[in-house]
Amino acid sequence: MERFVLEDVVAPPTHTADTPLKDWRLKYQAGTIQKNDFTDFFQKQSRKYFHYQYEAEQDATRPSLKCTYNEAGAKEHIINVLMEFVLGDNPKIVLDKLQQEGNTATVCGKVFKNGEPTYSCRECGMDPTCVLCVNCFKQSAHRYHKYKMSTSGGGGCCDCGDEEAWKKDHYCEEHLRGKENPASSTIITDAIKERCEVAFTAILTFCVSFLEIESNASLECLDGDSDDGQEECFCTVLYNDESHTFDQVIQTLTKIAKCRQKDAMEIVAAIDREGRAVVKCDTFSECCQLQEAIEKQAVTTLSALHTPRANQSLRVSVLNIRAVACQQFALQLLSWFQEFLIKHCIFRQIFARLIMDRKAPYCIRHILEYDVKLWKTARSCWHRLLISGMLMEYDNKMALAQEFSKHYASVVQDFIRDDHEHSFSIVSLSVQLFTVPSIAHYLIANEGIFHKLLHTFYHAAVETYIKNKTLQFAKNVNVSFKRAAYILYDLRYILSFKPDVWTDELREGFLEGCKALLKLLNVMQGMESTTRQTGQHMDYEPEWECAFNLHIKLATTITLVLEWCATDAVVLNKLYQMVMRYLSTNVFIVDRVPKREERQVAGHVAECIVYDVASRPVSIHLPLSRFFAGIYLHLGSFGLTFDNAVTGHKRSPEEIIEPILCTQTMIAQVHAGMWRRNGYSLLHQLYFYRIVRCRGEMLDRDIIGLQIGAALIESNQYLIHILNKYNLIKWAQPDYEKDLTAQAVDEEYLLSMIEEFLELLIVIIGERYVPGVADVTEDDRIKKDIIQLLCIKAFSHSELNRALPENINDTPLEDVIDQVAVFKKPQKSDAKGVYQLKEELYDDYNMYFYHYTKEEKSKSEETQRLRRKNKGELVCCPPPKLPKLTEGFVSIANLLQCDVMMTILTTVLDRAIDVSSNSFAENHLQEVLYLIGYGLQEEQSGYYPFLSFHEQARKYNMLSKLDELSRSARVEAHRDFILWTIKKFKELQVQDEEAAGGSEGTMPAEDESVEDTRPLTAAEQEKQEKEERARLAAQRRAKIMAQMQNAQNNFMKSNAEMFASANVQPSSRDPSTAMEWQEDVSMLHEEGAVAYNSVACLGVERRLQQPEEQSFKCILCFEDCTVSKDGPTLVYSAFVQKSKVLKPETKYEYSVHTSSCGHVMHVDCWQEYYNNEESKEQRRPHRGRQPFQQTPQSTEFQCPYCRCLSNSVLPICAPLSKYSMPLVFHKGDELFPIDMWIEVLKTLGDELSMPALEGNIDRVLPPAHSILSRANLYANIAQFERIAQPIDKVELPTSWTNYLQHYIKSVRQHSPIDFETSEKEGLLWLWNTCIYTVQALEVYLRAVGKPFKSEMSIRHKSCLSGLIRASCLYGINLTCTDVKNLKEPAAELLDTIFKQKGNSVVEWNCFNMMVQMICMVPNLIFSSSQKAVVANGSIMDFYAVQLFFLANMVKAIVLFEPSTSHSGMEMDVDEEYDQEVKQLPQKVRDNIAKFYRKYNFATRRQSCTSAQQLGRSRPQPQTPPKTEETATQETQSTAEPTADAEALMGEYIADDEFKAPCDLSTIAALYDHIKMEMREFLRCCCLFFHFITEVEFPDELSYTASDTYENMCKYLGLQTGLETYFDSEGCYASILEIFASHPDIVYCDVATKKKRCGREFAVVPCTRAVPRLVDLPEDFSDLINSVSDFICPNSEREEMKTPTMCLVCGKTICAQSFCCQPELDGRTVGACTYHAHFCGAEICVFLRVRDCQIVYLGRNKGCFVYPPYLDEYGETDQGLRRGNPLRLCPTRYSKIHLSWLGHGLYEEIARLNDNTSVVATQWHHM
Ligand SMILES: [Zn+2]
Ligand SMILES: [Zn+2]
Ligand SMILES: [Zn+2]
Ligand SMILES: [Zn+2]
Ligand SMILES: [Zn+2]
Ligand SMILES: [Zn+2]
Ligand SMILES: [Zn+2]
């Protein structure tokens, strides 16, 4: 049967099978399946998923192109079909089963995306390239070790499970499980394997043939396969290269391709990301035309960059649209294939077998070689495929490594010729292969890779620059040199691991490589040599960087090679011979047979090599000599010596050290000033010669070289050689001084050369912390470096790390540091912790330490002298004890006692004594003392039996000379050092005497003389100490003066508040004066019984306090000035900004905030200052384009005193009580009651909304009495006036009014509505900003937890008092226009409050409405009576407070959620409250319960559900009678509830059965809740009325958390108890009822909390929480992981390059990227700027996650701020350069939070940009 069916279907040759799958299966069964069956299918299908379309926008001539590729479609219809063929009908199930069977991968191999975090373990990683992915890291033991974190540049992979990458803990938990599972699988059957092979072959074939840029193959295979008669469509594709800038390409696109700027930018972004983009789709000829045009254009516009493709056109190609589609699909297929291979090792085996087939078109060789022909993404896809397919199994890896090595040379040459970044080239795979030790060793032994790398490098980069057998780089080296340098990194990888076992092959391979290395070093010996310039200066600065770059890149390799050869005698010996051979033939400085001359000093003769450094070429590059020095160090450990190691021809020691000595001489001459005409190039070289990055294979090796010389050459001769080179032979002769007059010697040069010479001797003798020279270890060497560094100053961890050589050895640096230093934790939150040297190690200080720069030397010396002085020791820096020399180097100690040395030492001492001597400088003496000190220390150590320095010195009478010197005034500064030396001498003498049995009384004369000096020196010493003290004190003073000068700005700033507050006259603070005044007032009111103990600022029996007389000094003219009603106008400088810190509750999207530094100026002084600043600003040349024009009126300026950012001024006014003295009422006084007052206001509301008033301009409003009479209260007019306290209109000073208007204008400029519209609402904007600023400050003070009665900062105080007073005062001068403008808002306000029009209390911001009412309404009442009302804490103000207090209470009750009341849990209420509630009268309690049940949303919801549960169907009272009106009009809702509804309500409430419980505990909880919810309102009121009434806060409000409900009510004169408000007799209950019975509340749908009109309540919480910034994770790596796969919203597959988190809202944004550049006000801006515009009203706080950097970003301005993440040393790590684990520092974060909450961001930006003169950052692109 089967056979029959089969035949039947297969028979027709055409594709009649209904699905491809069936077709394939049939063919497979028949054995006829071929890869073409698949590739044809891919080709045909892929076209279906690639679309393009032109969108002609407004401009039809410039259509924009949108190309889309439907990945999901292709996945479903092509890839899934293929999967079904391979795995059977249900591929997903098969894969799941595979997963269950156990993940058979034992290595992770996860390929990193760009920006993904990686972790390396500093304890276990074999080298720093060994990394883990997040998942593995979190499951591995390394998370408890010392680790580093960094972000991947993309392309590497996780090394988890690679046994060669880790010393221990090779597997994470997951991959350990993988290891335990069998590698075979029962699921993958042979049939599957077979089908895999077929499918894989097809995939590889397809991808290989389609992905090339110059896609000949793809064009061919598309021939004759055109679509159904349609016209063929082609694409012009533009490719990425590194030689064109973004702007160049954008320009080309807009000009030639006529793209719009925006599209061009998108295309460029795509090219940068993916490596190419389609720019046009059209006919073949059209596309080709564009191609030509672009190519032509680009050539001409290019700058001459030195890249291989420089002066080349942009790369463009024209492709058939089907080819483009195939390519897109091929990319997708490769990515999918890569993921598929990860799923099982059997898949990888098949894959590996396939690509190892050398004859296949897709063999490894082909993949390696055609890499360069691909564009970026295509390359990455292949790289990932190779990593996933070949690196997970060792055998495959080895196979790949072998192939890779075989083709290394050609692949690298491709890379050098190419212009893509290294990470986008297949050569970057080397790090995966060469860092595996066993593979590296195998490749060296069997593939000759070491030699191959060097040979390739030599050939590709070096050969062309060789002239006369030496490298000479041209001024501009071409780019291929730089690219070739990547080979040197590979070299480093290959050699990273010393072999444990040497095989013959390995030796051979290694030595072969060394030969190539020496060949290179040979041409480097003497490269870039220079000759001393005499006469003219150098014409041009010679090139020097190139040679140093070469050195830096090669240095590690050299060090590694030396380490390798130290492990094997055979290799060492062979290599040593090789070096010697090269040295013998290299003739730089030393000819084959050098010329020699005899020189004589102190009776010793030496044959010196003739080479004049001052006139012949010398070079700083001597790698061959240094390599020799490196190798020589290891000879000793194998019993080899200079004499027995080489048999054949060899250089003598003199010849070997000659080049080094010449270089040292040159350096000395440069220091002496003899090479001044050679320019900076030489100075740069000398600088690099000793910096930490280079010195290891430069300076350090040179000194070793000279030490080798000292060990091999006879001491006296050795010194003569050096003297001769330094041209000091004559100087060393005893009769030198006599001849001096006859000779013309440049003294300065000479003195300096002597100094340099002596210092060199000190270094040669003393620098022994090198294994091989002395008995020390590598650790000792690092320790010495650290000790010397810490002698300069205390270092922070990062500073120390930077100052030390990169550690190639694996001892964690911290261990070494901890041995020598103590870590001092930071004292302040923003300081770093530092390391301090352990006390006992200060004796190791060596002031001539060879790694010190001149500055470091003098600084450390100063520190040490001071330290010793403080301890009462001799003030000098004697030499330290030295470690023991190794056997090969013991002759160095002999240098100290040889005749020539003794002659030199005594000569200098003699000349120091001889005051007439010209060839002496103080430094010489110090150096000679140092050498003597070494001699003494060395002898004392007893290491060298031959050494008897003391004995020698006696012959030269050294002690008596020293003694004489100790009395010399000429060298007074060194007296302590001399004394120290004499003391040492004596110690040795005693030692000697003891040794000799103490019989001989040696040199009594000398003894005596020294004794003589003792008392003298003690006196002298005291004197000297005094002088020294004086000197240091003077120094300190000078330093402090300088510091003060520098920090003047800061100083002023930090003390500004102190200065300013000091100006407030203290006299008025005296409490007695206030009391008196209080008395006076009470006298005025007849009744003497004023409650003095009242603390209230409002209400009946309020307190009166005389306001402080404020006087200031104008900060501009320094005149004293007092604030008064009619004095000169004074202003604060102020800063007005948009703000969204508090969520806006108004109809506007943001509010306006005002701040001030509180500095006071005359307004005229300010105007003059401002005009000056403005014209200065205009004269300043504008740097770059200003993307956002600022309105001219709001030009920013700085406060002239504290440089605080400002943009306006706020006029100051006198205390309000100066305008209107408040009346005090007493208990029992007859008062105009609150309910009548409400009636008046209601009536006023009616009047205001009367349309009849429209036309009447003269009498805009009826006078107050007519309003009262209309309210039927005319009789009480006098009483009403007593509570309202109208005053006669006061004329405010014109300049005050003018500047207040100026201020209001600034506020309007920042207001959310346009400037013209806001003019009408000018006053409202003043009040709005006042309200917002009070609220913002309330929240801020709440956040910092500052009690009310504590010194408020001058900034806050002046800002609030200025704003509040101005807001209250400005209303008294209402013009007719003002009144007209205010009419409408006032009517709306009153209607909302009293008539249930508009929103209910739930949506009110009570404080906001209260202030509006207080400022606006009273003046409207009296506007036509020519009277005015100044808010002063009158009873009317008090009524307003009470009114909104009640409103807020209603809101609290309505919104109360009794959270646990019914779960049977105990209510969390204080006993105290319980008690208080129990004492309430039953009636009040009932009232409360009734009110609560009636209005509280939660209770109503509950009874509603219980009613439903009981099955009672009853009319839903929540459903309101819906009318058209209610549905449409939200704000002006119908007034009274209809009778129907009322009835329903009644019925509903009356039904006891559904009553929610309201027992005592509920009431107690409710009461507690009310108290809590009242906080914000009360706090705002306290602040507000404090500044209106000037009544001081009582003591109750002076401690933290004292702002309780009771205390604040007390201050505001309010009753606290609920009985007052819920007494049905009282007036308050009815007010509560008015607010609560708003239809929005009554008809609220309690289940959904929607209003009757169906809209959501915009609930304004009674007390808002302090706005916070986003919660950041404790561990920074969590944060970086969380954004690692954020995808740019504008491109489907690309990760964000700079994910940036808005800390205000938590959104992550694709910042600073061409892909995300939205338009804002007609200009493209960065995504962060755009986000900030909406999220933070133009300013936000951002965290750039990958850089670990905080940005404050405003419009077109910004600054970087230290991030809140710190490492364990208390340091931040911007840019993750160090990679230490980072933790969140809450203190730092809260600092950022407070800057934001306190509206301080703009100021911070201004401050940081003021201090730094950095290159302007393009903030708007952020
Ligand atoms: Zn991993
Ligand atoms: Zn793992
Ligand atoms: Zn570890
Ligand atoms: Zn002034
Ligand atoms: Zn200021
Ligand atoms: Zn983006
Ligand atoms: Zn945001």
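Everything in this summary refers to the structure shown in the same document.

## A short note on the overall build of the protein
And then number 1: Per the secondary structure count, the protein includes 73 helices and 32 strands.
And then number 2: Within the span of the protein, comprising 1822 residues, buried residues form 56% of the whole.
And then number 3: Counted over contacts in the protein with a minimum sequence separation of 6, partners at least 24 positions apart contribute 77%.
And then number 4: When the accessible area of the protein is evaluated, it comes to approximately 78,100 Å², of which 50% is carbon and sulfur surface.

## Notes on the coordination of the zinc ion (ligand 7)
And then number 1: C1702 (SG), C1705 (SG), H1731 (NE2) and C1735 (SG) make up the full set of protein donors to the zinc ion (ligand 7), lying at 2.0 to 2.2 Å.
And then number 2: Spacing between the donor residues of the zinc ion (ligand 7) along their common chain follows C-x2-C-x25-H-x3-C.
And then number 3: For C1702, a relative accessible area of 0% gives the class buried.
And then number 4: Looking at C1705, the relative accessible area reads 43%, which means it is partly exposed.

## Let's talk about the state of the cysteines
And then number 1: Counted according to the given criterion, the structure contains 0 disulfides.
And then number 2: Take C381: it sits in no disulfide, and the sulfur closest to it among the cysteines is that of C207, at 8.6 Å.
And then number 3: The buried category is assigned to C381, whose relative accessible area is 9%.
And then number 4: C1415 forms no disulfide, and the closest cysteine sulfur to it belongs to C1368, at a distance of 4.5 Å.

## Describing the coordination of the zinc ion (ligand 1)
And then number 1: Coordination of the zinc ion (ligand 1) by the protein comes from C108 (SG), C133 (SG), C136 (SG) and C158 (SG), over a distance range of 2.2 to 2.4 Å.
And then number 2: Taken together, the 4 donor atoms coordinating the zinc ion (ligand 1) span angles of 101 to 119° at the metal, a pattern that classifies the geometry as tetrahedral.
And then number 3: Along the chain, the residues donating to the zinc ion (ligand 1) fall in the pattern C-x24-C-x2-C-x21-C.
And then number 4: In this structure, the zinc ion (ligand 1) lies 4.3 Å away from the zinc ion (ligand 2), the two metals sharing C136 as a donor. In this pair, C108 sits in the loop between α5 (91-100) and β3 (117-121) while C136 sits in helix α6 (residues 134-138), placing the two residues 28 residues apart along the sequence.
And then number 5: On the accessibility criterion, C136 (2% relative accessible area) is buried.

## Regarding the nonpolar core
And then number 1: Among the nonpolar cores identified, the biggest contains 305 residues, and F200, L211, W382 and F627 are the most heavily contacted of them.
And then number 2: The element best represented in this core is helix α13 (residues 321-342), accounting for 14 residues.
And then number 3: Beyond its immediate chain neighbours, meaning those up to four positions away, L211 contacts Q327, A330, L331, L334, Y370, L374, W375, A378 and W382.
And then number 4: Of all hydrophobic cores here, the second largest spans 256 residues; its members include I1238, V1477, A1711 and F1742.

## Regarding unusual backbone geometry
A negative phi angle is the norm for most residues apart from glycine, just as the trans form is the norm for most peptide bonds.
And then number 1: For E528, which is not glycine, the phi dihedral falls at a positive 50°.
And then number 2: Among the secondary structure elements, E528 is positioned in the loop between α24 (504-524) and α25 (545-565).
And then number 3: Here E528 falls in the buried class, since its relative accessible area comes to 9%.
And then number 4: Positive phi is not limited to glycine here, since D1721 has a value of about 50°.
And then number 5: Looking at the secondary structure, you find D1721 in the loop between β26 (1719-1720) and β27 (1723-1724).

## Here's the deal with the sheet that holds strand β30 (residues 1757-1761)
Working definition: the strands of a sheet are paired by backbone hydrogen bonds and lie parallel or antiparallel to each other.
And then number 1: Sheet architecture is open: 5 strands sit in the order β25-β24-β28-β29-β30, paired in antiparallel fashion. The open sheet has two edge strands with one neighbour each: β25 (1708-1710) and β30. Shown here is a sheet whose adjacent strand axes are inclined to one another by a mean of 30°, direction ignored.
And then number 2: Note: strand β28 (residues 1740-1744) against strand β29 (residues 1749-1754), 5 bridges, orientation antiparallel.

## Considerations on the environment of E164
And then number 1: Take E164: it is sitting in the loop between β4 (147-151) and α7 (173-180).
And then number 2: Spatially, the C-alpha atoms of E164 and V436 are 6.2 Å apart, while their sequence positions differ by 272 residues.
And then number 3: If sequence neighbours within four positions are ignored, E164 has contacts with M126, Y394, V436, P437 and S438.
And then number 4: Here S438 takes part through its side chain, which lies 2.5 Å from a polar atom of the side chain of E164.

## Regarding helix α26 (residues 569-585)
And then number 1: For α26, with 17 residues, the first-to-last C-alpha span of 25 Å sits near the 24 Å given by 1.5 Å per residue.
And then number 2: Where α26 is buried, its residues touch α24, α25, α27 (623-635), α28 (642-645) and α29 (653-671).

## Digging into the environment of T1724
And then number 1: Position of T1724 relative to the elements: it lies in strand β27.
And then number 2: Considered as a pair, T1724 and K262 are 1462 residues apart in the sequence and their alpha carbons are 8.3 Å apart.
And then number 3: In contact with T1724, not counting residues within four places along its chain, are M265, Q1717, P1718, E1719 and H1820.

## Some words on the packing of aromatic side chains
And then number 1: Per the counting criterion, the structure on display carries 80 aromatic pairs.
And then number 2: Consider the rings of F42 and F206, whose centres lie 5.2 Å apart with planes at 75°: the pair is edge-to-face. Taken as a pair, F42 in helix α3 (residues 35-46) and F206 in helix α8 (residues 190-210) lie far apart in primary sequence, 164 residues in all. For the pair shown, F42 and F206 are each scored as buried.
And then number 3: Aromatic side chains W1237 and Y1439 sit 5.6 Å apart centroid to centroid with 50° between the ring planes, which places their arrangement in the tilted category. A residue pair is termed long-range when its members are at least 10 positions apart, and W1237 in helix α49 (residues 1234-1248) and Y1439 in helix α58 (residues 1435-1455) qualify at 202 residues. Summarising the burial analysis for this pair, W1237 and Y1439 share the class buried.
And then number 4: Over the aromatic face of Y458 sits the side chain of K519, whose NZ or CZ is 4.4 Å from the ring centroid.
And then number 5: K1571 extends its terminal NZ or CZ atom over the ring of Y1567, reaching a point 4.1 Å from the ring centre.

## A word on the packing of helix α54 (residues 1322-1344) against helix α57 (residues 1406-1421)
Helix-helix packing: each pair is described by the crossing angle between the helix axes and the interaxial distance.
And then number 1: Look at α54 against α57: their axes get within 10 Å of each other, and the N-to-C directions meet at 140°. Classified by the angle their axes make, α54 and α57 are oblique. As α54 packs across α57, the resulting crossing turns out to be right-handed. Each of L1324, W1327, N1328, I1331, V1334 and Q1335 in α54 lies in contact with α57, whose residues at this interface are F1407, N1408, V1411, Q1412, C1415 and M1416.

## Observations concerning empty space enclosed by the protein
And then number 1: Volume-wise, the largest cavity comes out at about 180 Å³.
And then number 2: Taken together, 18 residues line the largest cavity, and the ones lying closest to its centre are T1146, S1151, N1328, Y1332 and N1408.
And then number 3: Tallying contributions element by element places α54 first for the lining of the largest cavity, with 6 residues.
And then number 4: Taken together, the residues of the lining of the largest cavity sort by class into 8 nonpolar, 7 polar and 3 charged.
And then number 5: There is about 120 Å³ of room inside the second largest cavity.

## Topic: the environment of K255
And then number 1: With respect to the helices and strands, K255 occurs in helix α10 (residues 246-255).
And then number 2: Here K255 falls in the partly exposed class, since its relative accessible area comes to 48%.
And then number 3: Along the chain, K255 and Q297 lie 42 residues apart, while their C-alpha atoms are 9.2 Å from each other.

## Structural notes on the pairing of strand β10 (residues 596-601)
And then number 1: By the bridge criterion, 6 bridges tie β10 to strand β11 (residues 604-609) in an arrangement that is antiparallel. Considered in β11, the bridge of R599 is made with A606.
And then number 2: In sequence, β10 turns back onto β11 through a hairpin of 2 residues, with A602 there showing a positive phi of about 50°.

Rules of the game
- Residues numbered from 1 in each chain as written.
- Chains lettered and ligands numbered in written order.
- Predicted model: local features only at pLDDT ≥ 70, side-chain atom pairs only at ≥ 80, totals over all residues.
- Heavy atoms only, no water.
- Helix = DSSP H or I, 4+ residues; strand = E, 2+ residues; numbered from the N terminus.
- Buried < 20%, exposed > 50% of the residue type's maximum accessible area, 1.4 Å probe, protein only.
- Contact = heavy atoms within 4.5 Å.
- Areas by Shrake-Rupley, 256 points an atom, 1.4 Å probe, with all protein chains shown as cover.
- Donors = N, O, S within 2.8 Å, 3.2 Å for Na, K, Ca; no water.
- Disulfide = S-S within 2.5 Å.
- Tetrahedral: all angles 85-135°; square planar, octahedral: opposite > 155°, others 65-115°.
- Core = buried A, V, L, I, M, F, W, Y, C linked by side-chain atoms within 4.5 Å.
- Pairing = 2+ DSSP bridges.
- Axes fitted to C-alpha atoms, helices over the stretch in contact; angles between N-to-C directions.
- Polar contact = N/O pair within 3.5 Å; in protein donor to acceptor, adjacent residues only side chain to side chain.
- Expected span 1.5 Å × (residues − 1).
- Phe/Tyr/Trp six-rings, centres within 6.5 Å; stacked < 30°, edge-to-face > 60°.
- Lys NZ or Arg CZ within 6 Å of the ring centre and 35° of its normal.
- Parallel < 35°, antiparallel > 145°, perpendicular 65-115°, else oblique.
- Left-handed = near helix turned anticlockwise from the far one by under 90°.
- 1 Å grid on protein atoms, 1.4 Å probe; cavity = no way out; pocket = protein on both sides within 12 Å on 5 of 7 lines; lining within 4 Å.
- Points joined across faces, edges and corners; volume = space filled by probe spheres on them.
- Nonpolar A, V, L, I, M, F, W, Y, C, P; charged D, E, K, R; others polar.

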